[in-house]
Amino acid sequence: MQLKQKGIFQQMYCFEKKDSVRLKENYLNMGQTSPSGENIYLNNLYLTKNGKPFCPVMGEAHISRLPAEEWKDRILKMKAAGINTVSSYLFWVNHEFEKGKMDFTGDNNISEFIRICKENDMYFCLRIGPWVNAEYRNGGFPDWIYTSGIKLRDNNEEYLYYVYRWYKAIYDNVKDYLFENNGNIIMIQFENELTAKPEHILKLREIAEEIGLTAPIYTATGWNLVGGALLPQREVLPMFGGYAAKPWTLSIDKIPISAHYNFSHIRNSAEIGNDLIKPGNFEVHIDLDNYPFAFCELGTGICVSKHRRPYISSLDDYSMVLTKLGSGCNLLGYYMFCGGINKMIGGTPLCRSNWTDYDALVYPIFNNYFQAPISEHGDYKNSYRTIKLLNLFVNDFGSELAQMQPFLQENPPKDSDQCSLRYAMRIKDESGYIFVNHHCHLLDLKPVYGVQFKVSEEMPAIPDNPIDITEDDAFFFPFGIRYNTLYAEYITAQPICKTEKTYFFKKIRGIEPVYKFKGERPFTATVGKDNGFIKEGIRFITLTDDEAEHFYKFADTAYIGNGCDLIRDNGEIKTAGFGAGEYFRFGGDGYVTEHTGNDVILAEVTAHEIIDPDIDKSYQYELFENFSFDNGKKPVHCSVERKIKYYELTVTNCNGYVHIGYSGDSAQLYYDGKMSDDNFYNGTEWVIPAKYLFNRKVILAIAEYTDDIYVDIKPVTSLSLDSVYVSA
């Protein structure tokens, strides 16, 4: 401690010296004004809405992977998390499984899905392919065209005939929701991961516009070549992606530490789908200074494959998002924000696996939960609660943040560096935010003591007294920001959002919330929802972690759930889970305690082992499938001998979520003898709504773990049912 007080560990952290990127207006060939007068355009730095900077917060939810009766539930949960734009692929195979028979009904009713989004004041991004990947059968192509011999993803006449027909069918179903018709569709993505055919991307835009399928912003994925994708210049917005892990990697070795936890000016992520990347071609194809920094696949989670089982923690998700925000991202697009379940049509699996495409990786037949903030069945991973705080911040302060350009640390650390601080700032005219990431997936970072930041030679060090960064965390805090009439030189607490005359912050773990206003001495605020302070008529409230995670903002009113999560449905505040809930509504001068919902009796669940149940084992091959990596060459599919244990589950009612903890390679659930859900073990519990199991004969099959895969969290035993219980 004496050494620390003497400043031995103290260090001043400075930022790179570089010129700001010059604003370019009217450079990109995109933007629209609706008949009502609303307009959305973009320049090289950010999107604009009605002439003001606008930062979309976009979450992916696939309509065909969700039952239509649950669409509203997911959309309300996304809205509560601060998502303002929903994105979805359209899987051609779902809509035209049989050639010439289009289906936009039921779970394929894209018009209804977009209508619910519009009803809840959410924009929409259509990702229309035709090829989409998404761990889907044939990349989304129907079998009849995939096996036709037609050269796909190409400008030949025969293929474009079917593309035109597909796009026309989409147009006929969504035309009422196009932005030019006062609708909420503001973005359309063409193709996916098409790296070197700019002429084809341009042709797809021309076809869509000829049909009338238009939007203010057209997008395409910008990754998948080492130097970035080759795209038609000025015609589409390059969208980027990043994930903590790479389940498509063709090995079972530990992969290098992800670069996505370092602040960086690099947007391209060449490792996404690196099983598809061809060697060579290091040419940089995208002049990043001409386009806003935008994500469509910022990985809040990741899929699991048969041979690789990464575990992505909530902090893995949150810290990556914060790092990209600090690196200058002005469009947060999360993939996935909602998990889902693959369908079958006529007994045909619609997943992308080697039993549908021999060269493909092996993914679950049904389950596409993706470790997303909202699971495939609608419950929450804790990243929902933490990422929500960043979304709320962007919603309220994004117009100012978009104009703040990123400046990185002077000497960025290597990805595997455990000792150096990772930091950046976004700044405009001596106002901005300092971002710190002290977390990295699969890497333990050492404490950093005595930290101060030097924004410029002219400005004093921030904060006045050095801080110690000892917690596994990621955070940001403001400097030089005006809060109404008050000028804050710095605040060492993380901003969340604002209401009319109140600003909400969150205490940063391990750091005191010090407020320094111009002309005044710094002081430490008392933490807690009831302990705010008022200056010049402006209230500041610094929340605890738990209060912040259960904090929500609906219609410019702040709410804090008392240990529960909240949604707003037609103006009514409800709990997001089962049963009654208590929450605190902030009324400007204090909180009003309110209640919602009714008490319910949660289901109870029991399990007992059985032998050789009467079930349809047609799809049990997935329990035995794997890759062989023995020959040192390209891995080949193989079948592995594994023991299987069966358990019969009994659930007493529909209320709650059933949690299944098991040790093994993979598992399947059978409802009344039919295989209906599956799970590849990655160390997390498998969670299923009780309503799916109630009043059914439910059989759980667990296959033995054989240590021939990569897994972050190894199972306790090779084969066992470890726990089964119900939560609200």
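In this text the structure is predicted, and so the values were computed from the model without any measurement. (Residues numbered from 1 in each chain as written. Predicted model: local features only at pLDDT ≥ 70, side-chain atom pairs only at ≥ 80, totals over all residues. Heavy atoms only, no water.)

Chemist: Can you walk me through the overall build of the protein chain in this structure?
Modeler: Tallying secondary structure elements over the protein chain gives 11 helices and 48 strands in all. In terms of C-alpha radius of gyration, the protein chain reaches 26 Å, essentially the compact-globule figure of 27 Å for 728 residues. With the C-alpha coordinates aligned to their principal axes, the bounding extent of the protein chain is approximately 75 × 60 × 55 Å. For the protein chain, buried positions account for 62% of its 728 residues. Approximately 27,300 Å² of the protein chain is accessible, and the part contributed by carbon and sulfur atoms is 47%. Taking the average place of the 74 positive charges on the side chains of the protein chain and the average place of its 96 negative ones, the gap between the two points comes to 3 Å. (Helix = DSSP H or I, 4+ residues; strand = E, 2+ residues; numbered from the N terminus. Rg over C-alpha atoms; globule rule 2.2 N^0.38 Å. Buried < 20%, exposed > 50% of the residue type's maximum accessible area, 1.4 Å probe, protein only. Areas by Shrake-Rupley, 256 points an atom, 1.4 Å probe, with all protein chains shown as cover. Lys, Arg positive; Asp, Glu negative; His and termini not counted. Charge placed at Lys NZ, Arg CZ, Asp CG, Glu CD.)

Chemist: Whenever I open this one, the pattern of salt bridges confuses me. Can you help?
Modeler: For side chains bearing opposite charge, pairing can occur when the charged atoms are close. If you walk through the whole model with that rule in mind, you get 42 salt bridges. Here Glu-70 ties to Arg-74 by a salt bridge, and the two come within 2.7 Å at their closest N and O atoms. What makes Glu-70 buried here is its relative accessible area of 7%. A residue is classified by how much of its surface remains accessible, and Arg-74, at 2% relative accessible area, is buried. (Salt bridge = Lys/Arg side-chain N within 4 Å of Asp/Glu carboxyl O.)

Chemist: Help me understand the side chain of Asn-330, please; the structure alone is not making it clear to me.
Modeler: Secondary-structure assignment places Asn-330 in the loop between α8 (314-326) and β14 (332-335). Classification of Asn-330 as buried rests on a relative accessible area of 5%. Looking at Asn-330, its side chain comes within polar contact range of the main-chain oxygen of Ala-402, at 3.3 Å. In this structure Asn-330 touches Leu-45, Tyr-46, Phe-54, Cys-55, Pro-56, Phe-293, Leu-401, Ala-402 and Arg-426, once residues within four positions along its chain are discounted. (Polar contact = N/O pair within 3.5 Å; in protein donor to acceptor, adjacent residues only side chain to side chain. Contact = heavy atoms within 4.5 Å.)

Chemist: How should I be thinking about the sheet that holds strand β1 (residues 11-14) in this particular structure?
Modeler: Picture the strands of a sheet paired through backbone hydrogen bonds; they go either parallel or antiparallel. Overall, mixed pairing links the 3 strands, which are arranged β1-β22-β23 in an open sheet. Edge positions in the open sheet fall to β1 and β23 (462-469), since each of these has one partner strand only. Taken pair by pair, the neighbouring strands of this sheet meet at an average axis angle of 40°, ignoring direction. One ladder, built from 4 bridges, connects β1 with strand β22 (residues 448-454); its direction is parallel. Considered in β22, the bridge of Cys-14 is made with Lys-454. (Pairing = 2+ DSSP bridges. Axes fitted to C-alpha atoms, helices over the stretch in contact; angles between N-to-C directions.)

Chemist: How should I be thinking about the environment of Cys-303 in this particular structure?
Modeler: Residue placement: Cys-303 occurs in the loop between β12 (295-299) and β13 (308-309). We classify Cys-303 as buried; its relative accessible area is 5%. Look past the residues within four positions of Cys-303 in its chain and what remains in contact with it is Glu-135, Pro-247, Pro-310, Tyr-363 and Phe-370.

Chemist: Help me understand the sheet that holds strand β45 (residues 686-689), please; the structure alone is not making it clear to me.
Modeler: With antiparallel pairing, 3 strands are arranged side by side in an open sheet as β45-β42-β48. Of all strands in the sheet, those with a lone pairing partner are β45 and β48 (720-727), marking the two edges. Across the sheet, the mean angle separating the axes of adjacent strands is 20° when strand polarity is ignored. Across 4 bridges, the pairing between strand β42 (residues 657-663) and β45 is antiparallel. Bridge pairing links Ile-660 to Trp-686 in β45.

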